Amino acid sequence: MPLATRGYSRLTDRTRARGIRVAGIAIIILAAGAALLPAGKSISSDMIGGLLVAAGLIEAVAGSLRRDVRPFAMAAGGVTAVAGLLFVLNPETHFFPTVTPVIGWLLLRCLILAIASGESRGSVRTWTGISAGMDFLLAALLIAGLSISTLVISIFGPTPELVASFAWVLAASFVVNGLLLLEVASCAKQNAQD
C-alpha cells in the first residue's frame, strides 16, 4: 500500500468531514473578500491572484480528504491555484489581459467538475454539477462581455462597474464551491454516523 494512502486511511470519516467543512467555510469567506474588492479604489492582479491561490490550495487540501473523486477534486483546486499564480507572477497594469486566464480557469475547472459529477453520487453529484454549471455560466458571461468590454476599455479604460463585475465572478464561483464542500462534508459526516 502506498505511504500516502496509509496516512489518509487513518483519518476517520468524522475527521474528514470536519476538514472539508472548514475548507468550505474558508472558501465562502474568500468569496466575501472577493465581493468586497470593488470597495477599494482598484483591484490589483496580486489581490486576485492571492485569492485564487488561497482558494485553490484550500480546495486541493479538501479534495485530498475526499474518498470519492479525490483526483478530480484535487485537480480543480490545482487549476485554481495555478490560475492565481499566473496573476501573481505576471502582474498586469491593465484590467483587460487578466480576463482571458480567468475564462480559461473557469472552463477548465468546469470540465474537471463535470467529469467528477459523473463519478459522484446523490446530492454531491448534484452540487458538483451545479458548481460546474456555475463556472461554465460565468465563463460564458465573461466571453460574451469580452467584446463589449474590449470596446469600453479601449475608449474609457477599465470602469469601476467592469472591475466590480469581475470581482463578482470570483465571488460567485467561490460561494458555489464552498457550498459544494459543505455538502460533501455533510455527506461524509452522515456516512460516519451510519
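Criteria and thresholds
- Residues numbered from 1 in each chain as written.
- Predicted model: local features only at pLDDT ≥ 70, side-chain atom pairs only at ≥ 80, totals over all residues.
- Heavy atoms only, no water.
- Helix = DSSP H or I, 4+ residues; strand = E, 2+ residues; numbered from the N terminus.
- Expected span 1.5 Å × (residues − 1).
- Buried < 20%, exposed > 50% of the residue type's maximum accessible area, 1.4 Å probe, protein only.
- Core = buried A, V, L, I, M, F, W, Y, C linked by side-chain atoms within 4.5 Å.
- Contact = heavy atoms within 4.5 Å.
- pLDDT = per-residue confidence, 0-100.
- Patch = residues over 30% accessible without salt bridge, like charges linked within 9 Å, V, L, I, M, F, W, Y side chains within 5 Å.
- Areas by Shrake-Rupley, 256 points an atom, 1.4 Å probe, with all protein chains shown as cover.
- Salt bridge = Lys/Arg side-chain N within 4 Å of Asp/Glu carboxyl O.
- Axes fitted to C-alpha atoms, helices over the stretch in contact; angles between N-to-C directions.
- Parallel < 35°, antiparallel > 145°, perpendicular 65-115°, else oblique.
- Left-handed = near helix turned anticlockwise from the far one by under 90°.
- Nonpolar A, V, L, I, M, F, W, Y, C, P; charged D, E, K, R; others polar.

Caption draft 1: Region of interest: helix 5 (residues 99-119). Spanning 21 residues, helix 5 covers 31 Å between terminal C-alpha atoms, matching the ideal 30 Å at 1.5 Å per step. Within helix 5 the residues assigned to the buried category are Val99, Val102, Ile103, Trp105, Leu106, Arg109, Cys110, Ile112, Leu113, Ala116 and Ser117.

Caption draft 2: Up close: the nonpolar core. Core analysis: the largest hydrophobic core is formed by 41 residues, its most contacted members being Ile20, Leu52, Trp105, Leu106, Leu142 and Phe174. If you list the elements that add at least two residues to this core, you get helix 2 (13-36), helix 3 (45-64), helix 4 (70-89), helix 5, helix 6 (122-156) and helix 7 (160-193). For this core, the element with the most residues is helix 7, which contributes 10 residues. Contact partners of Trp105, with chain neighbours within four places excluded, come to Leu52, Val79, Thr80, Ala83, Leu170, Ser173 and Phe174.

Caption draft 3: Quick look at the confidence of the model for the protein chain. With 77% of its residues at a pLDDT of 70 or more, the protein chain shows a mean pLDDT of 81. In the model of the protein chain, helix 1 (residues 3-9) stands out as the element of lowest mean pLDDT, 49, in contrast to helix 2, which has the highest, 92. Note that pLDDT drops below 50 for residues 1-7; the model gives that stretch one contact with residues more than four away or on any other chain.

Caption draft 4: Fine view of a nonpolar patch on the surface. A surface patch of nonpolar side chains, amounting to about 280 Å² of accessible area, comprises Leu85, Val88 and Leu89. Tracing the sequence through the fold places Val88 in helix 4. Since its relative accessible area comes to 34%, Val88 is described here as partly exposed.

Caption draft 5: Structural detail: the pattern of salt bridges. This structure, assessed with the given rule, holds five salt bridges. A salt bridge links Arg16 to Asp13; the nearest nitrogen and oxygen atoms lie 3.8 Å apart. Residue Arg16 and its partner Asp13 are both found in helix 2; the two are separated by three residues, about one turn of the helix. Between Asp13 and Arg67 there is a salt bridge, with the nearest N and O atoms lying 2.9 Å from each other.

Caption draft 6: Structural detail: the packing of helix 2 against helix 3. Interaxial distance between helix 2 and helix 3 falls to 9 Å at its minimum, and their mutual angle equals 165°. The orientation of helix 2 with respect to helix 3, classified from their angle, is roughly antiparallel. Where helix 2 crosses over helix 3, the handedness of that crossing is left-handed. Counted together, Ile20, Ala23, Ala26, Ile27, Leu30 and Ala34 of helix 2 and Leu51, Ala54, Ala55, Ile58, Glu59 and Ala62 of helix 3 form the full contact between these two elements. Across the contact of helix 2 with helix 3, the residue classes tally to 11 nonpolar, no polar and one charged.

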